[in-house]
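Analysis of the macromolecular model
Here is what each chain is made of, one letter per residue.
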Amino acid sequence: MKTVIGQSACTSEKTAIRASWTRRAGRALYFLALPAVALTASAGAWAEVANYSLSTKTIYIQPGARSGSVTVLLHATNVNPEAMDKPLSTPVDLGKPDGDTKVGFEAAEMPRGKSSRTWLLTVDATRLPLNASQQRYIQVELAGETRTLDYTLSNLPTAAFEWTVVPLPAEFSQEAGKPIAIGVTVGPVPATNVSLSGTTLVEARTKHRLAGERLTLCRAPSGCDGTPLTLEPNRSHRLWLLPTGDDALIGKFSGTITLTAAEKPIGGTASATIFATTSARRWLGVAVILLGVAVGWGLTGPLRSWMRRLQLLRPAAVLVDKLAALRPRLDGSPGETAELRKALNGIEAELSEAVLEQEGHLPAHIPWPWSSDGPNPTAYRDYLQARSQQVACLDMLIEAVSDLRRLWAAAAPPDQPRYEAAINEIDELASARRTDAAALAQAIAAIMARAQPAAKGLRAPSAPAPTRYEQLTVATRRLSLAVWAGYAALTVALGAYVLVWTNNGFGVGLDYLDCLFWGAGLPAATQLAQATPATVATALGVSNAK
């Protein structure tokens, strides 16, 4: 009986415990169900809120462009029925506080759906930096509801940038100051802000580097228009390098030319060797060769001949000075001194340059083009010695005349005719060229002893008529001038061909020195490095004293 009662009590306790847990589980389920009920109610309310989106999150304008216009779509879904007929306010770009890029929008509505609307937005962007990508925001408003959407504005290339600077010819020549054509091929992305970044062109002779600012990159050979240089994609372009002046590119320049673009800061290069000169500089080079020919000919021809003439004329000039000192001693009276004066004039004429040249004792003023033996020093010495002896004899005769005149002045009038006759006899002794001073002294002594009249009147000598030699001298000089002129013409022509016309980069200062050296007969161009002072002396025929 006790066992049954005990089991009954135990069962009742378990039942009570089970009921308690059942009530607790029910309350927990109630509280868990409340959020679900709330979420279900909210879902009905959210279904009435419109959703806005752009057809693309990144708006691209032309790569590299700082301004442009594109179109995108603005979608609105779950539009409230009351807002289906409301107009869309003009979208507004919220801007960026740290930039000056401006973006404007213009909306045009497209066909509507049951609960959706679509607008075509025209996007106008200005003052966008080169190769930029900006995170920006657009604000739209419909029926009093405002939404802010983010988007990216970019002018970065959408494809890989490719371009090729077309190689220039390995060597080419052109007129200085004229533009140089250079080709550029652009790939799918346009090249913007194309410019000449610099050159490594160096002149071959002077080693001067051509600075980049002495060349200007332009679209047209006539010049630049001042706007940034942009090359359209998928095309080949011809650009022009304009020298800043006619003398900016003179000579032979070798090196590279580098072009850069905003999309290719490293740039592309073209190698070339450029020969540039002008016709004026070429003709100036020919004139310098002619000047060199004149200088060389003057130094090796007339100047050398003139110096030799001066040396040979020195002893003759000493004798002429002695004759000039004798002539005043014949002035006065009495007596006739015509023969003495004639002898003085004759010897002086024989010592003149014309007669000495006629006798072959002096070189010609214009050298004979072909080699000759020149004056004979021995013959010239004998010639001068004979005239020197004649001058000494005339000195003796004039001294005797002077003595007789002194005696005449001191004598009585009846004796004066005797001295006058003696003076005339001594004057007649000068009619024959005398070189034996001893024999002449005896003749003078005999006349002075006799002192008897024997003088006869003498005629003054007449001027000699032109000789055949003078005519031949004129002809020889003319022929010499013609030959020298032909030599100069051939020298100038050959020098112009070798140094000027075959040098497409002619015009630097050293080129003109080569022309001058060539004309003067000195080593020029590559041979100049081996030249020495002895080379100059040999070329000009100058003897250096040791």
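About the cut-offs
- Residues numbered from 1 in each chain as written.
- Predicted model: local features only at pLDDT ≥ 70, side-chain atom pairs only at ≥ 80, totals over all residues.
- Heavy atoms only, no water.
- Helix = DSSP H or I, 4+ residues; strand = E, 2+ residues; numbered from the N terminus.
- Buried < 20%, exposed > 50% of the residue type's maximum accessible area, 1.4 Å probe, protein only.
- Contact = heavy atoms within 4.5 Å.
- Areas by Shrake-Rupley, 256 points an atom, 1.4 Å probe, with all protein chains shown as cover.
- 1 Å grid on protein atoms, 1.4 Å probe; cavity = no way out; pocket = protein on both sides within 12 Å on 5 of 7 lines; lining within 4 Å.
- Points joined across faces, edges and corners; volume = space filled by probe spheres on them.
- Patch = residues over 30% accessible without salt bridge, like charges linked within 9 Å, V, L, I, M, F, W, Y side chains within 5 Å.
- Salt bridge = Lys/Arg side-chain N within 4 Å of Asp/Glu carboxyl O.
- Phe/Tyr/Trp six-rings, centres within 6.5 Å; stacked < 30°, edge-to-face > 60°.
- Lys NZ or Arg CZ within 6 Å of the ring centre and 35° of its normal.
- pLDDT = per-residue confidence, 0-100.
- Pairing = 2+ DSSP bridges.
- Axes fitted to C-alpha atoms, helices over the stretch in contact; angles between N-to-C directions.
- Parallel < 35°, antiparallel > 145°, perpendicular 65-115°, else oblique.
- Left-handed = near helix turned anticlockwise from the far one by under 90°.
- Nonpolar A, V, L, I, M, F, W, Y, C, P; charged D, E, K, R; others polar.
- Core = buried A, V, L, I, M, F, W, Y, C linked by side-chain atoms within 4.5 Å.

This part is about the overall build of the protein chain. What the protein chain contains, in helices and strands, is eleven helices and 17 strands. With 546 residues in all, the protein chain has 35% of them scored as buried. Considering only residue pairs separated by 6 or more positions, the protein chain has 72% of its internal contacts joining residues 24 or more positions apart. Accessible surface, the protein chain as shown: approximately 31,100 Å² in total, 58% of it carbon and sulfur.

The next point concerns empty space enclosed by the protein. Taken as a whole and judged by the stated rule, the model has one cavity of 30 Å³ or more. Counted as a void, the largest cavity has a volume near 60 Å³. Lining the largest cavity are A343, I347, Q390, C393, L394, L397, L429, A430, A432, R433 and R434. The biggest single contributor to the lining of the largest cavity is helix α6 (residues 377-410), with four residues.

A cluster of nonpolar side chains, namely L291, V295, L299, L303, W306, M307 and L310, defines an oily patch on the protein surface of about 600 Å² accessible area. Among the secondary structure elements, those contributing two or more residues to the nonpolar patch are α2 (279-300) and α3 (302-326). Counting residues per element, the nonpolar patch draws most heavily on α3, at four residues. In this structure L299 comes out as partly exposed when scored by relative accessible area, which is 35%.

Looking now at the side chain of Q416. Relative to the assigned elements, Q416 resides in helix α7 (residues 416-429). Among all residues touching Q416, those that are not within four sequence positions of it are W408 and A411.

With that settled, the discussion passes to the packing of aromatic side chains. A complete count under the given rule lists two aromatic pairs for this structure. Seen in terms of ring centroids, F105 and Y151 are 6.1 Å apart; in terms of plane orientation they differ by 85°. Their pairing is edge-to-face. Here the residue F105 occupies a position in strand β5 (residues 102-109), and Y151 occupies one in strand β8 (residues 145-154), the gap between them amounting to 46 residues. Looking at Y151, the relative accessible area reads 1%, which means it is buried. Summarising the aromatic geometry, the rings of F161 and W163 are spaced 5.9 Å apart at their centres and angled 50° between planes, so their arrangement reads as tilted. Considered together, F161 and W163 belong to a single accessibility category, that of buried residues. Directly above the ring of Y383 sits R387, whose terminal nitrogen or CZ lies 3.9 Å from the centroid. Over the ring of Y419 we find R418, and its NZ or CZ is 5.1 Å from the ring centre.

The next thing to look at is the confidence of the model for the protein chain. Chain-level pLDDT for the protein chain is 78 on average; 80% of the residues reach the 70-or-more range. Scored below 50 in pLDDT, residues 453-470 makes 16 contacts in the model with residues more than four places away or belonging to other chains.

To continue, consider the pairing of strand β7 (residues 133-142). Alternating positions in β7 separate cleanly, Q134, R136, I138, V140 and L142 being buried on one face and S133, Q135, Y137, Q139 and E141 remaining unburied on the opposite face. Of the pairings in the sheet, the one linking strand β4 (residues 92-93) to β7 comprises two bridges and is antiparallel in character. Residue pairing in the sheet places D93 in a bridge with I138 of β7. Relative to β8, β7 runs antiparallel, the two being bridged by ten bridges. Its bridge partner being in β8, E141 is matched across the sheet by T146.

Let us now look at the sheet that holds β8. Two pairing modes exist for strands in a sheet, parallel and antiparallel, and in both the strands are linked by backbone hydrogen bonds. Read across the sheet, four strands follow the order β2-β8-β7-β4 without closing on themselves; strand pairing throughout is mixed. Each edge of the open sheet carries a strand with a single partner, namely β2 (58-60) and β4. Sheet analysis places β2 next to β8, joined by three bridges and oriented parallel. Its bridge partner lying in β8, Y60 is registered against S154.

It is worth spelling out the packing of α3 against helix α4 (residues 338-350) at this point. Direction vectors running N to C along α3 and α4 enclose 160°, while the axes themselves pass 10 Å from each other. With respect to each other, α3 and α4 are oriented roughly antiparallel. Considering how the two elements wind past one another, α3 and α4 form a crossing that is left-handed. Residue-level contacts link V320, L323 and L326 of α3 to L344, I347 and E348 of α4. Taken together, the residues of the contact of α3 with α4 sort by class into five nonpolar, no polar and one charged.

Turning to the sheet that holds strand β1 (residues 51-54), a few remarks are in order. The antiparallel open sheet is built from four strands, whose spatial order is β1-β3-β6-β5. The sheet is open, and its two edges are formed by β1 and β5, each paired on a single side. Going from strand to strand, the sheet's axes swing by 25° on average, the running direction of each strand aside. Bridge analysis of strand β3 (residues 68-77) against strand β6 (residues 117-126) gives nine bridges, and the strand direction is antiparallel. Bridging from a neighbouring strand, S69 pairs with D124 of β6.

If you walk through the whole model with that rule in mind, you get 20 salt bridges. Note that D85 is salt-bridged to R112, the shortest N-O span being 3.0 Å. You can see D85 sitting in the loop between β3 and β4 and its partner R112 sitting in the loop between β5 and β6, a full 27 residues away along the chain. Residue classification places D85 among the exposed residues on the basis of a relative accessible area of 63%.

If you look at the biggest cluster of nonpolar residues, it comprises 35 residues, and the most contacted ones within it are L340, L394, L397 and I426. Sorting the residues of this core by element identifies α3, α4, α6, α7 and α8 (437-450) as the ones contributing at least two each. Examining the composition of this core, we find that twelve residues originate from one element, α6, more than from any other. Those residues in contact with I426 that sit more than four places away from it in its chain are L397, A400, V401, L404, I444, I447 and M448. Counting residues in hydrophobic clusters, the runner-up holds 32 residues, among them V165, L217, L249 and A272.

Here we come to the environment of A482. Tracing the backbone shows A482 in helix α9 (residues 468-501). Residue class for A482 comes out partly exposed when judged on its relative accessible area of 47%. For the pair A482 and P369, spaced 113 residues apart in sequence, the C-alpha to C-alpha distance is 9.6 Å.

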